[in-house]
Amino acid sequence: MMMNNVQAINDALMYEMGRDPSVMVMGEDVGREGGVFRATAGLQEKYGRERVVDTPLSENGIVGCAVGLALNGMKPVAEIQFSGFVFAAYDQLISHAARMRQRSLGRFHVPLVVRMPYGGGVRALEHHSESDEAIFTQVPGLKVVAPHAPSDMKGLLISAIRDPDPVIFLEHIKLYRAFREDVPEGEHTVPIGKAKIVAKGKDVSIFTWGAMVSVSVEAAKQLEGESISAEVIDLRTLKPLDMEAIVESVKRTGRAIIVEEARKLSGFGSDLSAAIAERALLYLKAPIIRVSGYDIRFPLYQLEDEYLPEARRVVMAARETMSF
């Protein structure tokens, strides 16, 4: 069935809640309103107010309650309306959700999914456009998923719900209704920790995730006109990271570009660059190049396009690495 990302998320939740009575959804306006992006529309009507819970405006309370529910047999899917609001709940995530398995010597685990829209490109206000995935990838005990396409969105969300440990599920705002693709109906899972080759190439590898997949694919098409064959790898999962697929791609091409929307300093691309250098340095024909946002707060809408990486910058990076 043809779906966009919002529809794929809704379909995944509908399916899992129907399959497993312990799955529940909670967050601000997720019930009667169906969520600010309507990703949870229709769930409360079908499964009732006890399993689709409209919470107070308290991110700390949402995640804290979800941790408690997960420890007592439920599988909560908690929604943070925008990722920029998650910091009030950060303590619950790093001090409790991520530590519970180790703290209890394996006796308890926290099967929790925290969904949150992130990223820019839709002319949103302050706190609504950040890409702060790196603050989660550095926390032991958390898994971090950032899909691009609807089929992966559904399959990875179902896998995240079934995972016994807490998963941060990042949904790029710009991609919610950007395009449609055929999504399998019913049972459909995508394994957490597996990257996907979106475009095959032999000259340079482009590693990316989220909305930057579309930017990278556009850059790869432009590079074809310059006889540069770019391989685009959608990481899909940032933690655990599919290093096998990354190293194999570098072996094929000998060059690596990392494209991320977040700030360059201490962004996830920094860790990815280091990991490539540690494992595939002898296969590189040129230095690793990172294309990213700038080391500033995400600007308001008049300067948004100046901040966000675009295909032109990726093309320039490819030219630079090819000429090394």
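Fair warning: this is a prediction, and the values are worked out from it, not measured in the lab.

Draft legend 1. Region of interest: helix α8 (residues 212-224). Compared with the 18 Å implied by 1.5 Å per residue over 13 residues, the 18 Å span of α8 between its first and last C-alpha is a close match. Those residues of α8 lying buried are Met212, Val213, Val215, Ser216, Ala219, Ala220 and Leu223. End-on, the buried residues of α8 take up no more than an arc of 160°, which puts them together on one face. Opposite the packed face of α8, turned more than 90 degrees from it, sit the exposed residues Lys221 and Glu224. In this structure, the buried residues of α8 make contact with β9 (196-199), β10 (204-208), β11 (230-234), β13 (256-263) and α12 (311-322).

Draft legend 2. Seen up close, the sheet that holds β13. Here we have five strands laid out as an open sheet, ordered β9-β11-β10-β13-β14, and mixed in their pairing. Unpaired on one side and paired on the other, β9 and β14 (289-293) mark the two borders of the sheet. The average undirected angle you get between the axes of adjacent strands in this sheet is 25°. Relative to the sheet, α12 contacts β10, β13 and β14, its axis offset from that of β14 by approximately 165°.

Draft legend 3. Region of the structure containing the nonpolar core. Ranked by internal contacts, the top residues of the largest apolar core, which has 46 residues, are Phe136, Ile168, Phe207, Trp209, Leu235, Leu272 and Ile276. Of all the secondary structure elements, the ones that give two or more residues to this core are α3 (59-71), α4 (90-97), β5 (113-118), α6 (134-137), β7 (167-172), α9 (243-253), β13 and α10 (268-280). Those residues in contact with isoleucine 276 that sit more than four places away from it in its chain are Phe207, Met243, Ile246, Val250, Ala256, Ile258, Leu281, Leu284 and Ile288. Met3, Val30, Val113 and Tyr176 belong to the second largest nonpolar core, which has 33 residues in total.

Draft legend 4. Inspection of the pairing of strand β4 (residues 75-79) at higher detail. In terms of burial, β4 is a largely internal element, four of the five residues being buried. Relative to β4, strand β2 (residues 23-27) runs parallel, the two being bridged by five bridges. Opposite glycine 27, over in β4, you have glutamate 79 as the bridge partner. Across three bridges, β4 lies against β5 in parallel orientation. Its bridge partner lying in β5, alanine 78 is registered against valine 114.

Cut-offs applied
- Residues numbered from 1 in each chain as written.
- Predicted model: local features only at pLDDT ≥ 70, side-chain atom pairs only at ≥ 80, totals over all residues.
- Heavy atoms only, no water.
- Helix = DSSP H or I, 4+ residues; strand = E, 2+ residues; numbered from the N terminus.
- Expected span 1.5 Å × (residues − 1).
- Buried < 20%, exposed > 50% of the residue type's maximum accessible area, 1.4 Å probe, protein only.
- Arc of directions from axis to C-beta.
- Contact = heavy atoms within 4.5 Å.
- Pairing = 2+ DSSP bridges.
- Axes fitted to C-alpha atoms, helices over the stretch in contact; angles between N-to-C directions.
- Core = buried A, V, L, I, M, F, W, Y, C linked by side-chain atoms within 4.5 Å.

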